[in-house]
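Examination of the molecular architecture
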Amino acid sequence: MSAGGAERYTEYPQRPIRLIIGGSPGGGSDILARRFSTALSEFLGWPVFVECLLGASGNFAAMAVARASPDGYTILLGTRSATLHRKMYRHLEYDFEQDLVPVAMVARIPVGIVVGKNCKAQCLHQLIQLAKTNPGRLSAATLGVGTTSHIVSVLLQDAAGIQLQHIPYMEVSRALKDVVGGRVDLLFTQLSGGISHMNAGSVQALAVTSPHASANLPVVPTVAEEGLAEVNADDWFIAMAPSNTPSDIIAILNDAINQALTDQNLRDDLTELGYVLSWFADTPDGLQDFLTEENMLWTQVLKDHRVIGFQ
């Protein structure tokens, strides 16, 4: 793969590429980025280095890439939370829609509703009943205000008529540690961030938010199967570049990413971690339409549920 791929690109790249993520080390974005970057490096013939830049639910990372030189050597592994920056963090000095352009979809992943052994609920129905019996007392960790995990928690509370105590974390490892230790009752997280704990039995996934059961957790029901079809929001990861990046560089990156994602070893590895990978090659134009629709849909969700960030 590396020889055949690298030989096709002569003008770009000519030096290593930075892949910026807004997640913490060991979290879902980091796990995906490091596995994906290895395959992409082999295909491009140059190293792709992953850098974590935490803050504002991924928006500091997005802002850093938006301000970078539009030369294809700094790209973002973008997530839904950054598209909502105008609603969540109005003080940020960049515009996601104007300052960044999509390159290629990398993967999608469901959000899992996870509890530790100290939680008395063994299924989603029991969790909802427990929350109704103790309104506002069950603590629910997410990966930050405005993240998909937070949005899912808001949608679940609204659909089930319950109230949870929200505890935002910057790092999934710390959230999992507190759930395992019984200091937090439940966690909404990308499956990849907690799959090792689930396999070890230290936490239990009560449901996933994907339309279909997860391939590596087939016995865990979807939230829709539990009667709450309106709670349906997986997370996605899209490679993005600064606006004004030359179209030929965008085309090379799009081709390289789509080709790298055909590697069966990579696909098997990511599928085992809970990721869902497309079987077709997307285009930057198609992804731009997707992002526009996503922004409109989820901005309205935040507005309807009065979710705000740091203003």
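Overview of the structure. For clarity, every value in this text was computed on a predicted model and none was experimentally measured. (Residues numbered from 1 in each chain as written. Predicted model: local features only at pLDDT ≥ 70, side-chain atom pairs only at ≥ 80, totals over all residues. Heavy atoms only, no water.)

Things to note about the state of the cysteines
Where two cysteines share a covalent bond between their sulfur atoms, that bond is called a disulfide. As a reminder, the rule being used: We call a pair of cysteine sulfur atoms a disulfide when they lie within 2.5 Å.
Evaluated as defined, the whole model comprises 0 disulfides. We note that Cys119 lacks a disulfide partner, and the nearest cysteine sulfur, in Cys123, lies 10 Å from it.

Things to note about the packing of aromatic side chains
Each aromatic ring pair is specified by the distance between its two centres and by the angle formed by the two planes. Note the cut-off: Each pair of aromatic rings taken from Phe, Tyr and Trp, with Trp reduced to its six-membered ring, is defined by centres within 6.5 Å and is described as stacked if the planes are under 30 degrees apart, edge-to-face if over 60, and tilted in the remaining cases. In this description a helix means any DSSP run of H or I spanning at least four residues, a strand means any run of E spanning at least two, and both kinds are numbered starting from the N terminus.
Counted according to the given criterion, the structure contains 3 aromatic pairs. Look at Trp236 and Phe290: their rings are 5.8 Å apart centre to centre, the planes differ by 70 degrees, and that puts the pair in the edge-to-face class. Of this pair, Trp236 sits in strand S10 (residues 235-242) while Phe290 sits in helix H13 (residues 284-304), and the two are 54 residues apart along the sequence. A ring pair is formed by Phe237 and Tyr275, whose centres lie 6.0 Å apart and whose planes are at 65 degrees; its orientation type is edge-to-face. On the criterion of sequence distance, the pair formed by Phe237 in strand S10 and Tyr275 in the loop between helix H12 (264-272) and H13 is long-range, its members being 38 residues apart.

Digging into the pairing of strand S6 (residues 139-142)
What counts here: Burial classification: accessible surface area is computed with a 1.4 Å probe over protein chains only, and a residue below 20% of its type maximum counts as buried, one above 50% as exposed, and the rest as partly exposed. Here, any two strands with at least 2 DSSP bridges between them count as paired. With the strands aimed away from the viewer, a crossover counts as right-handed if its path from the first strand over the helix to the second runs clockwise.
Side-chain alternation along S6 places Ser139 and Ala141 on one buried face and Ala140 and Thr142 on a second face that is also buried. Bridging between S6 and strand S7 (residues 165-168) involves 4 bridges; their strand directions are parallel. Paired with Ser139 across the two strands is Gln165, which belongs to S7. Note that the unit made of S6, helix H8 (residues 148-160) and S7 has a crossover that is right-handed. Pairing of S6 with strand S8 (residues 186-190), which is carried by 2 bridges, proceeds in the parallel orientation. Considered in S8, the bridge of Ala141 is made with Leu187.

Observations regarding the sheet that holds S10
Using the following cut-off: For helices, the fitted line uses only the C-alpha atoms of the stretch in contact; every axis is such a line through C-alpha atoms, and the angle between N-to-C directions lies from 0 to 180 degrees. Contacts: residue pairs with any heavy atoms within 4.5 Å of one another.
With mixed pairing, the 5 strands of this open sheet are ordered in space as S2-S1-S3-S10-S4. For this open sheet the edge positions go to strand S2 (48-52) and strand S4 (100-109), each flanked by a neighbour on one side alone. Shown here is a sheet whose adjacent strand axes are inclined to one another by a mean of 25 degrees, direction ignored. Inspection of the sheet shows strand S1 (residues 17-21) paired to S2 by 5 bridges, in the parallel sense. Bridge assignment links Ile20 to a residue of S2, and that residue is Glu51. Lying over the sheet, helix H11 (residues 247-260) contacts strand S3 (74-78), S4 and S10, oriented at roughly 10 degrees with respect to S4.

These figures capture arrangement, not role.
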